[in-house]
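Listed below, chain by chain, are the residues.
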Amino acid sequence: NAGVTQTPKFRILKIGQSMTLQCTQDMNHNYMYWYRQDPGMGLKLIYYSVGAGITDKGEVPNGYNVSRSTTEDFPLRLELAAPSQTSVYFCASIPEGSGNTEAFFGQGTRLTVV
Amino acid sequence: GNSVTQMEGPVTLSEEAFLTINCTYTATGYPSLFWYVQYPGEGLQLLLKATKADDKGSNKGFEATYRKETTSFHLEKGSVQVSDSAVYFCALSHYNQGGKLIFGQGTELSVKP
């Protein structure tokens, strides 16, 4: 059972470059999320989606874009990478949005912008 | 707005010591409360949860009780092992917030043999 799969695991970008972080889940979950984890800061929500074709901003969306064309995939796009986007990125999914459901996380993508 | 505050880390303990990691929250109504654990090089995974006041979540020897009167959800374990070394996150989620999690800053635990 693969769960939530993120690629790549590590990436170094130069300032101004762009890239897409991939996230796919095989649990048929409707709700998907992108968080970033900075040292000593916990996880902050970047974007989320409640189903295919529906996305919305989280707490820290600036500099990112997302799309949700299928239930399985939720890619995160970085345009014009900046050093402030150096972080560890986690994708997560849950089956429904009642607020008391376990979230399943990918293993993370460690991104460094230099 | 909603927020979660955890005790500062890192925490270093000897094997078989008692563990407490404090967590307090600010939220309206009755959020669900969670503890997630992140082992080195891995993503987060649910350790335990409680969805209403006075509930006790438990798993792998860890426990936490949802205390509405003190807005707390402290994590405890009676005897830690080296394999418990990880980062622990307290989090909350509200029923009307689409499953979004609000996290504390995380507490790193290191257990020495």
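**Here's the deal with the overall build of chain A**
In step 1: Counting its secondary structure elements, chain A contains zero helices and eleven strands.
In step 2: Reading the helices (α) and strands (β) of chain A from amino to carboxyl end gives β-β-β-β-β-β-β-β-β-β-β.
In step 3: Taking 13 Å as the expected radius of gyration for a compact globule of 114 residues, we find that chain A reaches 13 Å, a close match to that expectation.
In step 4: Seen through its C-alpha atoms, chain A measures out along the principal axes to roughly 40 × 30 × 25 Å.
In step 5: Taking all contacts inside chain A whose residues are at least 6 apart in sequence as the whole, residues at least 24 apart take part in 54%.
In step 6: Summed over all atoms, the accessible surface of chain A reaches about 5400 Å², with 51% contributed by carbon and sulfur.
In step 7: Put simply, chain A has 9 plus and 9 minus side-chain charges, and the middle of one group is 12 Å from the middle of the other.

**Some details on the side chain of A:Ser49**
Residue and element names in this part refer to chain A.
In step 1: Locating Ser-49 in the fold gives a position in strand β5 (residues 43–51).
In step 2: A polar contact of 3.0 Å, which involves the side chain of Ser-49, links it to the backbone oxygen of Gly-51.
In step 3: Here the side chain of Ser-49 touches Arg-68 through a polar contact of 2.7 Å, side chain to side chain.

**A few points about the interface of chain B and chain A**
In step 1: Taken together, the 22 residues of chain B in the interface contact 22 residues of chain A.
In step 2: Of the roughly 1700 Å² buried between chain B and chain A on both sides combined, carbon and sulfur atoms contribute 56%.
In step 3: Broken down residue by residue, the surface that chain B buries against chain A is led by B:Leu44, B:Lys100 and B:Phe103, which jointly contribute 27%.
In step 4: Linking chain B with chain A are seven residue pairs in polar contact (both at pLDDT 80 or more).
In step 5: Only β5 (32–38), β6 (44–50) and β10 (86–93) of chain B provide two or more residues apiece to the side of chain B that touches chain A.
In step 6: At four residues, β5(B) tops the list of elements feeding residues into the side of chain B that touches chain A.
In step 7: Considering only residue class, the side of chain B that touches chain A consists of eight nonpolar, eleven polar and three charged.

**Digging into the pattern of salt bridges**
Residue and element names in this part refer to chain A.
In step 1: This model, assessed by the stated rule, comprises six salt bridges over all chains.
In step 2: When the shortest N-O distance is used, the salt bridge between Arg-36 and Asp-38 registers 3.1 Å. Judged on exposure class, the residue Arg-36 and its partner Asp-38 are both buried.

**Details of the pairing of strand β1 (residues 4–7) of chain A**
Residues and elements named next belong to chain A.
In step 1: Along β1, the buried face is formed by Val-4 and Gln-6; none of Thr-5 and Thr-7, which line the opposite face, is buried.
In step 2: In this sheet, strand β3 (residues 19–25) lies alongside β1 in antiparallel orientation, the contact comprising four bridges. Residue pairing for β3: Thr-5 is matched across the bridge by Thr-24.

**Brief notes about the nonpolar core**
In step 1: Membership of the largest hydrophobic core comes to 26 residues, with the highest contact counts inside it found for B:Trp35, B:Leu47, B:Leu48, B:Phe73, B:Leu75 and B:Tyr88.
In step 2: No other element matches β10(B), which puts four residues into this core.
In step 3: If you look at the next biggest cluster of nonpolar residues, it comprises 20 residues, including A:Tyr48, A:Ala92, A:Ile94 and A:Phe105.

Conventions we followed
Residues numbered from 1 in each chain as written. Chains lettered and ligands numbered in written order. Predicted model: local features only at pLDDT ≥ 70, side-chain atom pairs only at ≥ 80, totals over all residues. Heavy atoms only, no water. Helix = DSSP H or I, 4+ residues; strand = E, 2+ residues; numbered from the N terminus. Rg over C-alpha atoms; globule rule 2.2 N^0.38 Å. Contact = heavy atoms within 4.5 Å. Areas by Shrake-Rupley, 256 points an atom, 1.4 Å probe, with all protein chains shown as cover. Lys, Arg positive; Asp, Glu negative; His and termini not counted. Charge placed at Lys NZ, Arg CZ, Asp CG, Glu CD. Polar contact = N/O pair within 3.5 Å; in protein donor to acceptor, adjacent residues only side chain to side chain. Buried area = accessible area lost by both parts, 1.4 Å probe. Nonpolar A, V, L, I, M, F, W, Y, C, P; charged D, E, K, R; others polar. Salt bridge = Lys/Arg side-chain N within 4 Å of Asp/Glu carboxyl O. Buried < 20%, exposed > 50% of the residue type's maximum accessible area, 1.4 Å probe, protein only. Pairing = 2+ DSSP bridges. Core = buried A, V, L, I, M, F, W, Y, C linked by side-chain atoms within 4.5 Å.

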